[in-house]
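Summary of structural features
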Amino acid sequence: MMFSDAFMAIADPNRRHLLEELRRGPKTVTELAAGLPVSRPAVSQHLKVLLDAGLVHAKPEGTRRVYTVSSTGFLKLNIWLDQFWEA
């Protein structure tokens, strides 16, 4: 189920940090790794989880990949969460 994947993805504080950074604008793995006490490969693994959950997009630019937040992924999450406030 997409929602459980998304909730598992955002459960990790490092991934939440990455999402907060990406909310400010597109970034590469190197730029994202600069703000975390983990290696670039670890950041790449965290980004893969976020990609698989549909919460970020990756766009190739030359030899780099630029990551952005997926508004569609968050819209689905918001729609699911909103049902608990409409009751």
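Each chain carries its own residue numbering, running from 1 in the written order of its sequence. Given that the model is predicted, a residue must reach a pLDDT of at least 70 before its local features are reported, and side-chain atom pairs must reach 80 or more before they are shown or counted; all residues, however, enter totals for whole chains, interfaces and linings. For the side-chain quantities, the full set of heavy atoms in the structure was used; hydrogens and water were omitted.

A short note on the sheet that holds strand 1 (residues 27-28)
Note: two strands are recorded as paired if DSSP finds a minimum of 2 bridges between them. Counting from the N terminus, the helices are the DSSP runs of H or I reaching at least four residues and the strands are the DSSP runs of E reaching at least two. With antiparallel pairing, three strands are arranged side by side in an open sheet as 1-3-2. Every interior strand has two partners, whereas the edge strands, strand 1 and strand 2 (56-61), have only one. Strand direction decides the pairing type here: strand 2 and strand 3 (residues 64-69), joined by six bridges, are antiparallel. Counted as the bridge partner of Val56 is Val69 from strand 3. With respect to the sheet, helix 2 (residues 13-23) is in contact with strand 1, strand 2 and strand 3, its orientation differing from that of strand 3 by roughly 90°. We call two residues in contact when some of their heavy atoms are within 4.5 Å. Convention adopted: a line fitted to C-alpha atoms gives each axis, helices being fitted over their contacting stretch, and angles between N-to-C directions are expressed from 0 to 180 degrees. Seen against the sheet, helix 4 (residues 40-52) touches strand 2 and strand 3 and runs at an angle of roughly 115° to strand 2.

A closer look at the pattern of salt bridges
A carboxyl oxygen of Asp or Glu within 4 Å of a side-chain nitrogen of Lys or Arg is what we treat as a salt bridge. For the structure on display, the rule yields four salt bridges. Put simply, Arg24 and Glu21 hold a salt bridge, and the shortest N to O gap is 3.1 Å. Of the residues examined, Arg24 reaches a relative accessible area of 55% and is grouped as exposed. One network of salt bridges, in which partners are shared, links Lys59, Glu61 and Arg64. Think of it in three bands: with a 1.4 Å probe and only protein chains considered, a residue is buried below 20% of the maximum accessible area for its type, exposed above 50%, and partly exposed in between.

Regarding the pairing of strand 3
Pairing analysis gives two bridges linking strand 1 to strand 3, with the strands arranged antiparallel. Pairing of Thr28 across the sheet is with Val66, part of strand 3.

Some thoughts on the packing of aromatic side chains
Here the aromatic set is Phe, Tyr and Trp, taking the six-membered ring for Trp, and pairing holds for ring centres within 6.5 Å; pairs whose planes are under 30 degrees apart are stacked, those over 60 apart are edge-to-face, and all others are tilted. A complete count under the given rule lists two aromatic pairs for this structure. Ring geometry for Phe7 and Trp80: centres 5.3 Å apart, planes at 65°, overall edge-to-face. Taken as a pair, Phe7 in helix 1 (residues 2-11) and Trp80 in helix 5 (residues 71-86) lie far apart in primary sequence, 73 residues in all. Judged by its relative accessible area of 26%, Trp80 is partly exposed. The interplanar angle of 65° and the centroid separation of 5.1 Å between the aromatic rings of Trp80 and Phe84 together place this pair among those described as edge-to-face. Taken together, the residues Trp80 and Phe84, both in helix 5 and four residues apart, mark about one turn of the helix. Grouped by ring-pair contacts, the aromatic residues Phe7, Trp80 and Phe84 constitute a single cluster.

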